[in-house]
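Spelled out from the first residue to the last, the chains are:
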Amino acid sequence: MDILVAKDLVGQITGTKGFVFKRNIRMDEPQLTGEEIKENMERILIQDPGLFLSKWGEWIPIHEFEKFDIWKGLDKFYYFSYS
């Protein structure tokens, strides 16, 4: 996923009414700022979209799911023919 698309999507999610940044719960970890959390969300979105969806997928507007190319690198015909 492109960095600009990731920034836009994270901005939409964090701007959603009711969204709350989850803070660290370990005592020895420093608390991150909202901007640092956004940067981490963008990094996770680009590096591991599945992890991103498992953590924040509930906040993604339904029309934004088309930005996730779940079939990338897969032969769709083969998958549907033999599954």
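Residues numbered from 1 in each chain as written. Predicted model: local features only at pLDDT ≥ 70, side-chain atom pairs only at ≥ 80, totals over all residues. Heavy atoms only, no water.

## Describing the confidence of the model for the protein
Then, number 1: Averaged over all residues, the pLDDT of the protein is 81; the fraction at 70 or higher stands at 81%.
Then, number 2: Mean pLDDT across the elements of the protein bottoms out in helix α4 (residues 76-82) (50) and peaks in helix α1 (residues 3-14) (93). (pLDDT = per-residue confidence, 0-100. Helix = DSSP H or I, 4+ residues; strand = E, 2+ residues; numbered from the N terminus.)

## Topic: the nonpolar core
Then, number 1: Within the largest apolar cluster, 13 residues are counted, with the highest numbers of intra-cluster contacts made by I13, M41, L45 and F52.
Then, number 2: For this core, the secondary structure elements donating two or more residues are α1, α2 (34-47) and α3 (49-56). (Core = buried A, V, L, I, M, F, W, Y, C linked by side-chain atoms within 4.5 Å. Buried < 20%, exposed > 50% of the residue type's maximum accessible area, 1.4 Å probe, protein only.)

## Overview of the environment of G57
Then, number 1: Structurally, the position occupied by G57 is in the loop between α3 and α4.
Then, number 2: Residues contacting G57, with those up to four places away along its chain left out, are F52 and F65. (Contact = heavy atoms within 4.5 Å.)

## Considering the side chain of T14
Then, number 1: By the element assignment, T14 lies in helix α1.
Then, number 2: Among residues more than four places away in sequence, those in contact with T14 are F19, F21, K38 and M41.

## Things to note about a nonpolar patch on the surface
Then, number 1: A surface patch of nonpolar side chains, amounting to about 340 Å² of accessible area, comprises M1, I3, L4 and I46.
Then, number 2: Its place among the elements puts I3 in helix α1.
Then, number 3: Residue classification places I3 among the partly exposed residues on the basis of a relative accessible area of 40%. (Patch = residues over 30% accessible without salt bridge, like charges linked within 9 Å, V, L, I, M, F, W, Y side chains within 5 Å. Areas by Shrake-Rupley, 256 points an atom, 1.4 Å probe, with all protein chains shown as cover. Salt bridge = Lys/Arg side-chain N within 4 Å of Asp/Glu carboxyl O.)

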